[in-house]
Amino acid sequence: MTGGRAVVRALAAHGVTQAFGIPGTHNLEIYRHLDAYGIAHLNPRHEQGAGYAADAYARVTGCPGVALTTTGPALLNIAAAVGQAYSDSVPLLVVSPGMPLRHPRQSTGLLHEMRSQTDALRAVAAVSHRVSTVAEIGAAVARAFTLFRTGRPRPVHIEVPLDLLTAAEAPGPVRLAPPCVTVGADVGPVAEAAETLRTAQRPALVLGGGARAAAPECRALAEQLGALVVTTANGKGIVPETHPLSLGVSLHSPAVQRRLAEDCDAVLAVGTELAESDVWTAEPLALGGPLIRADIDPAQMYGVLPADVALVGEARETVRALIEEIRALIEEAGSERDTSAATRTAAALRAERDAETAERDARWLPYLRVLREVLDPDAVLTSDSAQCCYYGAIPHLPLGPEGRYLHPTGFGTLGYALPAAIGAKAADPGRQVVALSGDGGLQFSVQELATAVQTRLPLPVVVFDNGGYGEIRDEMVARGDRPVAVDLPPSGVPPVDLPALARAYGGHGVRAATAAELADALGKALTTPGPTVITVPEEPTR
């Protein structure tokens, strides 16, 4: 069996049915076998787009996303997406060819040659593994899937020397990642955490992306304790953001930070780093009581905020154990907790939180209300590193656990929204998917409109156009600097007609200057095959 066939056989054995990538001279032996093993393929127009699409596919399905690249520049093109997947704990598998087995260390000018692909990917992925035999390929893929299932999921790169891809060797038996036992935290720390939370008068839950599999349990625990619920961007909607105890994505709010620092006497953080990208400041979050951390990653217990009580294990099993232990303690004490004060506190905090940014965020609110009214509750929204997303949709567009909001947190890449929406649509073609972006971010990956056209699936792309890189422009002005290189296009040059560009690719494009126009355009776009770019001007001149 050739190495290329061994790669595809191993992927199919692990249930892979969809891959993303671009064929090149060196990876054709992999592409040759995809159809025979039942693996569908979608080819974005840039490898970074393939990585973002595979990333979103993984987030929506819960299964690893698979991206195929060729050597050299193609692999480096996907590196930004690998870095984003690492930051957001996404199981992304990138498979590429590499230089031949006996290729000399000294450069010979071979096509796409670089000094070390594995060194380059090892800097952004959890693992970069170069195989040396066809038989090793199955084990390498099985190892990747084991890593995805048994710890904090992060991207893996497998390199197959290009001569090995076409070499016929004994492939060995099919290697499968072993079934994994779900394990919660040790009973001792669970009992300590349960007692701390039960005796706390004003507890709070902070939920990150690692808590998503435990959504029902997190809601039940919040209601059991009468605890305020705050999420990170990756944890958005784990507890319905319309729930009376929910503060939504608001760790960045000064009012919420003050409450956690001055009033909350115990905080349980589940599946979150509590990092700068969560609290929007380089200063660690201050807490008024002990911090209980529940995480699959033991390293988080010594992170930015070390745990006072460390619960290392799967989120669902750990939170279930906490609920049972707290229930037993409550029954032993013979009194239920009164949660009415917590709901009043949450209502007051929501009002205070919204007042902090009312002037800045008012421009997006009418459009966000349209999104909520028009879209199904389980719609998927993909996001970019754009003001309309992190100031607008993340804090102000309410979601529940049935919906999903996919945002490039931490690494903070631009150009994520459109290719991610394509990946999400590939994962669930019957589900509504909408991309939210700014005009600057969209143009990092605007060529993926061509990919969206070829899928023939409805895909609204809502673009808030502020004429450039609005956040960086605002930062320059705040520093007292003259804005430089942030206007798109520069003064005197006609702006890009994004709706016309979408039509040039074979899609559709309209402008929506009011919320009512957005509602009309969005309703049509959800039933029109192919992408529809809907631009919302944020400045009168644009």
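Let me begin by describing the structure that accompanies this report.

It is worth spelling out the overall build of the protein at this point. Helix and strand counts for the protein stand at 23 helices and 18 strands. In summary, the protein has a C-alpha radius of gyration of 24 Å against a globular reference of 24 Å for 542 residues, a match within 12%. The principal-axis extents of the C-alpha atoms in the protein amount to approximately 70 × 60 × 45 Å. Of all 542 residues assigned to the protein, the portion counted as buried reaches 55%.

Counted at 1.5 Å a residue, the expected span for helix α7 (residues 134-150) with its 17 residues is 24 Å, and the 25 Å between its end C-alpha atoms agrees. Listed as buried for α7 are Val 134, Ile 137, Gly 138, Ala 140, Val 141, Ala 142, Ala 144, Phe 145 and Phe 148. Of the surrounding secondary structure, the elements contacted by the buried residues of α7 are α1 (3-13), β4 (92-98), β5 (127-130), β6 (156-161) and α8 (162-166).

This part takes up the nonpolar core. Counting residues in hydrophobic clusters, the biggest one holds 42 residues, and the most contacted among them are Leu 459 and Val 461. Mapped by element, the contributors of at least two residues to this core are α3 (47-61), α5 (79-87), β4, α18 (417-427), β15 (433-438), α20 (449-455), β16 (459-465) and α22 (498-504). At 8 residues, the largest contribution of residues to this core is made by α3.

The parallel open sheet is built from 6 strands, whose spatial order is β14-β13-β15-β16-β18-β17. Edge strands, defined here as strands with exactly one partner in the open sheet, are β14 (404-406) and β17 (508-511). Going across the sheet, the axis of each strand differs from the next one's by a mean of 20°, ignoring polarity. Relative to strand β18 (residues 531-537), β17 runs parallel, the two being bridged by 4 bridges. Across the sheet, the residue bridging to Arg 511 is Thr 535, located in β18. Sitting on the sheet, helix α17 (residues 387-396) is in contact with β14, β15 and β16, with an inclination near 135° to β15. Contacts from α18 reach β13 (380-382), β15 and β16 within the one sheet, and its direction differs from that of β15 by about 175°.

This part covers the packing of helix α9 (residues 187-199) against helix α13 (residues 315-333). What describes two packed helices is the angle between their axes and the distance between those same axes. At a minimum axis distance of 9 Å, the contact between α9 and α13 shows a crossing angle of 55°. Taken as axis vectors, α9 and α13 run oblique relative to one another. Here α9 runs over α13; the crossing is right-handed. Only Ala 321, Leu 322, Glu 325, Ile 326, Leu 329, Ile 330 and Ala 333 of α13 make contact with α9, whose side of the interface consists of Val 190, Ala 191, Ala 193, Ala 194, Glu 195, Leu 197 and Arg 198.

So, on to the environment of Ser 132. Along the chain, Ser 132 turns up in the loop between β5 and α7. A relative accessible area of 41% means that Ser 132 is categorised as partly exposed. Along the chain, Ser 132 and Glu 475 lie 343 residues apart, while their C-alpha atoms are 50 Å from each other.

Summarising burial for β16: 7 of the 7 residues are buried, a large majority. Here β16 shows a buried face lined by Leu 459, Val 461, Val 463 and Asp 465 and a second buried face lined by Pro 460, Val 462 and Phe 464. By the bridge criterion, 7 bridges tie β16 to β18 in an arrangement that is parallel. By the bridge assignment for β18, Leu 459 is matched with Pro 531.

The subject of this paragraph is the sheet that holds β6. Pairing between the strands of a sheet comes from backbone hydrogen bonds, and it takes one of two forms, parallel or antiparallel. Reading across the sheet, the 6 strands line up as β2-β1-β3-β4-β6-β5 and stay open at both edges, with parallel pairing between neighbours. Each having just a single partner strand, β2 (40-42) and β5 make up the two edges of the open sheet. Taking each pair of neighbouring strands and ignoring which way they run, the sheet shows an average axis angle of 25°. Two elements, strand β1 (residues 18-21) and strand β3 (residues 65-68), share 2 bridges in a ladder whose sense is parallel. Paired with Gly 21 across the two strands is Leu 68, which belongs to β3.

With respect to the secondary-structure elements, His 396 resides in helix α17. Polar side-chain contacts of His 396 include one of 2.8 Å to the side chain of Asp 361.

The tally for this structure, following the rule as stated, stands at 8 aromatic pairs. Taking the centre distance of 4.9 Å and the plane angle of 85° together, the rings of Tyr 390 and Tyr 391 count as edge-to-face. Here Arg 154 stacks its cationic end above the ring of Tyr 86, 3.7 Å away from the centre of that ring. Seen from the ring of Tyr 405, Lys 236 lies directly overhead, with NZ or CZ sitting 5.9 Å from the centre.

Let us look at α5. The buried count for α5 comes to 7 of 9 residues, which makes it a mostly enclosed element. Packed against the buried residues of α5 are α3, α4 (73-77), β4 and α6 (117-122). Positive phi appears at Ser 89, one or two residues downstream of α5, with a value of about 60°.

With an omega of -10°, the peptide bond running from Leu 488 to Pro 489 counts as cis. Tracing the backbone through its elements, the reader meets Pro 489 in the loop between α21 (470-478) and α22. For Ser 89, which is not glycine, the phi torsion reads 60° and is therefore positive. Even without a glycine there, the phi angle at Ala 485 is positive, about 60°. Classification of Ala 485 as exposed rests on a relative accessible area of 69%.

The subject of this paragraph is the packing of α3 against α5. Where α3 meets α5, the axes come as close as 7 Å, and the angle between the chain directions of the two elements is 25°. Judged by the inter-axis angle, α3 sits roughly parallel to α5. Contact with α3, carried on its side by Gln 48, Gly 51, Tyr 52, Asp 55 and Arg 59, involves Ala 80, Ala 81, Gln 84 and Ala 85 of α5 and no other residues of that element.

Enumeration over the complete set of coordinates arrives at 24 salt bridges. Here Arg 327 makes a salt bridge to Glu 324, at a shortest N to O gap of 2.6 Å. Of this pair, Arg 327 and Glu 324 both sit in helix α13, 3 residues apart, which is roughly one turn of that helix. According to the relative accessible area criterion, Glu 324 is partly exposed, its value standing at 48%. Across the salt bridge formed by Asp 487 and Arg 473, the nearest N and O atoms sit 3.0 Å from each other. Taken together, the residues Asp 487 in the loop between α21 and α22 and Arg 473 in helix α21 connect sequence positions 14 residues apart. Among the residues examined, Asp 487 registers a relative accessible area of 39% and is labelled partly exposed. We classify Arg 473 as buried; its relative accessible area is 13%. Salt bridges linked by common partners bring Arg 152, Arg 154, Glu 273 and Asp 297 together as one network.

What counts as what
Residues numbered from 1 in each chain as written. Predicted model: local features only at pLDDT ≥ 70, side-chain atom pairs only at ≥ 80, totals over all residues. Heavy atoms only, no water. Helix = DSSP H or I, 4+ residues; strand = E, 2+ residues; numbered from the N terminus. Rg over C-alpha atoms; globule rule 2.2 N^0.38 Å. Buried < 20%, exposed > 50% of the residue type's maximum accessible area, 1.4 Å probe, protein only. Expected span 1.5 Å × (residues − 1). Contact = heavy atoms within 4.5 Å. Core = buried A, V, L, I, M, F, W, Y, C linked by side-chain atoms within 4.5 Å. Pairing = 2+ DSSP bridges. Axes fitted to C-alpha atoms, helices over the stretch in contact; angles between N-to-C directions. Parallel < 35°, antiparallel > 145°, perpendicular 65-115°, else oblique. Left-handed = near helix turned anticlockwise from the far one by under 90°. Polar contact = N/O pair within 3.5 Å; in protein donor to acceptor, adjacent residues only side chain to side chain. Phe/Tyr/Trp six-rings, centres within 6.5 Å; stacked < 30°, edge-to-face > 60°. Lys NZ or Arg CZ within 6 Å of the ring centre and 35° of its normal. Salt bridge = Lys/Arg side-chain N within 4 Å of Asp/Glu carboxyl O.

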